[in-house]
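Here are the chains, one letter per residue:
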Amino acid sequence: MKTKYLRQLVIAAALTVGGASVAAADCPVKVGVALPTSVDWGKPIAETALWVADMINEAGGVDGCPVETILRDTQVDAKVGVDAAKAMVDLDKVQLMMGAVSSGVTLPILTSVTVPAGVMQISCCSSSTRITGLAEEGSTKGLWFRTFATSNVQSAVLTKLAKDAGYGKVTVFYKNDDWGQDMASLLDNALKASGIEVAASIAITDNQPSYRAEVTEALGGNPDAVILALYPKEGIAVTREWISLGVRPRWSVPIPCGPRNSVMRSACSILATSSELTRPRRGRPRPQPS
């Protein structure tokens, strides 16, 4: 069923460009894949995209035409991502662009490469509501799709989890980029509207040698829980700093991912990897930072 759906999606995307039958003159169907293969969490995403193309080809391709994927590394960098996308559109003549992951990379690709060239772009992972705004304005010209819960949905789910867990005060760590800033703003509004105090909202910049100052600031607010709107690398670094100060976080937030709740299921992978709530174990005093 998933293979059939993805095949139909590629057919629709290819037909959108030029409005002609794919089988008439457009073999093979060229799909650009702009993903961060140079980072550990980007590799499996890219491998999955290539695997799906293989499945489509095994099933007969798109109207008899094979799908050819061209993969280029974005390095989670806007300039690198734009250059990669531009090469795939201008030189490789791709008919569909898959990517990127980071909203901060997807946005400039969308506005300066794919939309001006009339190439459809589909992202697995970019959730910024800034992209939603562009689509509502008509700036994406119907060429933008994503298969991921938006930041608005992510913040609503996290707020519900915090409310259901009985937390009265939380601190938010957020990645200092388009996605993280969007999440911080949305979380601030959603949490406060639910009666939950936001003790602090702390930006985390990539590749700092230490996040001790940021974690110490968070502990100073004495929150009941912490929300990490971070990528795995920074999330792990922040958690290690937290533990090094004597606080043992407990990863115990229930994540309802069953088939009866499609919204919560959409956010499941986000919450399980990088946006979990933590708090010290019950019954143990929270050590204060020295």
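First things first, this report covers the structure right here in the doc. Values in this document were obtained by computation on a predicted structure and should not be read as measured data.

Focus: the environment of Lys79
Now for step 1: By secondary structure assignment, the location of Lys79 is in helix α4 (residues 78–90).
Now for step 2: Overall, the relative accessible area of 60% leaves Lys79 in the exposed class.

Structural notes on the packing of helix α5 (residues 103–117) against helix α6 (residues 129–137)
If you want to describe how two helices pack, look at the angle between their axes and the distance between the axes.
Now for step 1: Where α5 meets α6, the closest approach of the two axes is 10 Å, and the angle between their N-to-C directions is 20°. By the angle between their directions, the pair α5 and α6 is classed as roughly parallel. Between α5 and α6, the residues in contact are Ser103, Thr106, Leu107, Leu110 and Thr111 and Arg130, Ile131 and Leu134, respectively.
Now for step 2: In terms of residue class, the contact of α5 with α6 is made up of four nonpolar, three polar and one charged.

A look at the state of the cysteines
Now for step 1: Following the criterion strictly, the structure yields two disulfides and no others.
Now for step 2: Each sulfur in the disulfide pair Cys27 and Cys65 lies 1.7 Å from the other. Residues Cys27 and Cys65 share a disulfide whose torsion about the S-S bond is about -60°; that sign makes it left-handed. In this pair, Cys27 sits in the loop between α2 (22–25) and β1 (29–35) while Cys65 sits in the loop between α3 (42–58) and β2 (67–73), placing the two residues 38 residues apart along the sequence.
Now for step 3: A sulfur-sulfur separation of 2.3 Å characterises the disulfide bridge that pairs Cys124 with Cys125. On the sign convention where negative is left-handed, the bridge of Cys124 and Cys125, at about -95° about the S-S bond, is left-handed.
Now for step 4: For Cys125, a relative accessible area of 18% translates into the label buried.

So, the sheet that holds strand β3 (residues 96–99)
Now for step 1: Pairing is parallel across the open sheet formed by five strands, whose spatial order is β2-β1-β3-β4-β5. Two strands bound the open sheet, and with one partner strand each, they are β2 and β5 (144–146). With strand direction ignored, the average angle separating the axes of adjacent strands in the sheet is 20°.
Now for step 2: In the packing of α4 onto the sheet, the strands contacted are β1, β2 and β3, and the crossing angle to β2 comes to about 155°.

Some thoughts on the side chain of Thr171
Now for step 1: In this structure, Thr171 sits in strand β6 (residues 169–175).
Now for step 2: We classify Thr171 as buried; its relative accessible area is 0%.
Now for step 3: Apart from the residues within four sequence positions on either side, Thr171 is in contact with Ala199, Ala200, Ile202, Ala218, Pro223, Ala225, Val226 and Ile227.

Quick word on the pattern of salt bridges
Now for step 1: The tally for this structure, following the rule as stated, stands at nine salt bridges.
Now for step 2: Across the salt bridge formed by Lys79 and Asp83, the nearest N and O atoms sit 3.1 Å from each other. Of this pair, Lys79 and Asp83 both sit in helix α4, four residues apart, which is roughly one turn of the helix.
Now for step 3: Judged by its relative accessible area of 40%, Asp83 is partly exposed.
Now for step 4: Between Glu241 and Arg212 there is a salt bridge whose closest N-O contact spans 3.0 Å. With Glu241 in helix α10 (residues 232–244) and Arg212 in helix α9 (residues 212–220), this residue pair connects regions lying 29 residues apart in the sequence.
Now for step 5: On the basis of relative accessibility, which here comes to 37%, the residue Arg212 falls in the partly exposed class.
Now for step 6: A single network of salt bridges, built from pairs that share partners, joins Lys175, Asp206 and Glu234.

Focus on the side chain of Glu234
Now for step 1: Mapped onto the secondary structure, Glu234 falls in helix α10.
Now for step 2: Residue contacts for Glu234: discarding those within four places in its chain leaves Lys175, Ile204, Asp206, Asn207 and Tyr211.

Description of the environment of Gln121
Now for step 1: For Gln121, the location among the structural elements is in strand β4 (residues 120–123).
Now for step 2: Assessed through its relative accessible area of 0%, Gln121 is described here as buried.
Now for step 3: For the pair Gln121 and Arg146, spaced 25 residues apart in sequence, the C-alpha separation works out to 8.3 Å.
Now for step 4: Apart from the residues within four sequence positions on either side, Gln121 is in contact with Met97, Gly99, Ala100, Thr106, Ile109, Leu110, Thr114, Leu143, Trp144 and Phe145.
Now for step 5: Engagement of the side chain of Gln121 in a polar contact is seen with the side chain of Thr114, the distance being 2.7 Å.

Thoughts on the packing of aromatic side chains
Now for step 1: Within the structure shown, the criterion is met by three aromatic pairs.
Now for step 2: When the ring of Phe173 is compared with that of Trp242, the centres are 6.5 Å apart and the planes differ by 85°; the resulting orientation is edge-to-face. Taken as a pair, Phe173 in strand β6 and Trp242 in helix α10 lie far apart in primary sequence, 69 residues in all. Comparing Phe173 with Trp242 shows no difference in burial state: the two are buried.
Now for step 3: Joined through ring pairs, the aromatic side chains of Trp41, Trp179 and Tyr231 make up one cluster.
Now for step 4: Lying over the aromatic face of Tyr231, Lys175 brings its terminal NZ or CZ to 4.5 Å of the ring centre.

Thresholds applied
Each chain carries its own residue numbering, running from 1 in the direction its sequence is written. For this predicted model, a pLDDT threshold of at least 70 governs which residues receive local features, and a threshold of 80 or more governs which side-chain atom pairs are given and counted, while totals over whole chains, interfaces and linings are taken from all residues. Computation of side-chain values: all heavy atoms of the structure, hydrogens and water removed. Comment: elements are numbered from the N terminus, with helices defined as DSSP H or I runs of at least four residues and strands as E runs of at least two. Only protein chains enter the accessibility calculation, which uses a 1.4 Å probe; a residue whose area is less than 20% of its type maximum is buried, one above 50% is exposed, and one in between is partly exposed. Each axis is a line fitted through C-alpha atoms, and for a helix only the stretch in contact is used; angles between axes span 0 to 180 degrees, taken between their N-to-C directions. Comment on the angle field: the value is read as roughly parallel under 35 degrees, roughly antiparallel over 145, roughly perpendicular from 65 to 115, and oblique elsewhere. A contact between two residues is defined here by any heavy atoms of the two lying within 4.5 Å. Gly counts as polar in this scheme, as do all residues outside two lists: the nonpolar Ala, Val, Leu, Ile, Met, Phe, Trp, Tyr, Cys and Pro, and the charged Asp, Glu, Lys and Arg. The disulfide definition used here is simple: a pair of cysteine sulfur atoms within 2.5 Å. In short, DSSP must find at least two bridges between two strands for them to pair. In what follows, salt bridge is the name for a side-chain nitrogen of Lys or Arg lying within 4 Å of a carboxyl oxygen of Asp or Glu. Definition of a polar contact: a pair of N or O atoms within 3.5 Å, with one able to donate and the other able to accept a hydrogen when the atoms are protein atoms, and with sequence-neighbouring residues admitted only if both atoms are side-chain atoms. Aromatic pairing here means that ring centres of Phe, Tyr or Trp (its six-membered ring) are within 6.5 Å. Orientation follows from the plane angle: under 30 degrees is stacked, over 60 is edge-to-face, and everything else is tilted. Charges are assigned to positions over rings by a cutoff of 6 Å between ring centre and Lys NZ or Arg CZ, combined with an angular limit of 35 degrees from the ring normal.

None of this, on its own, says anything about what the molecule does.
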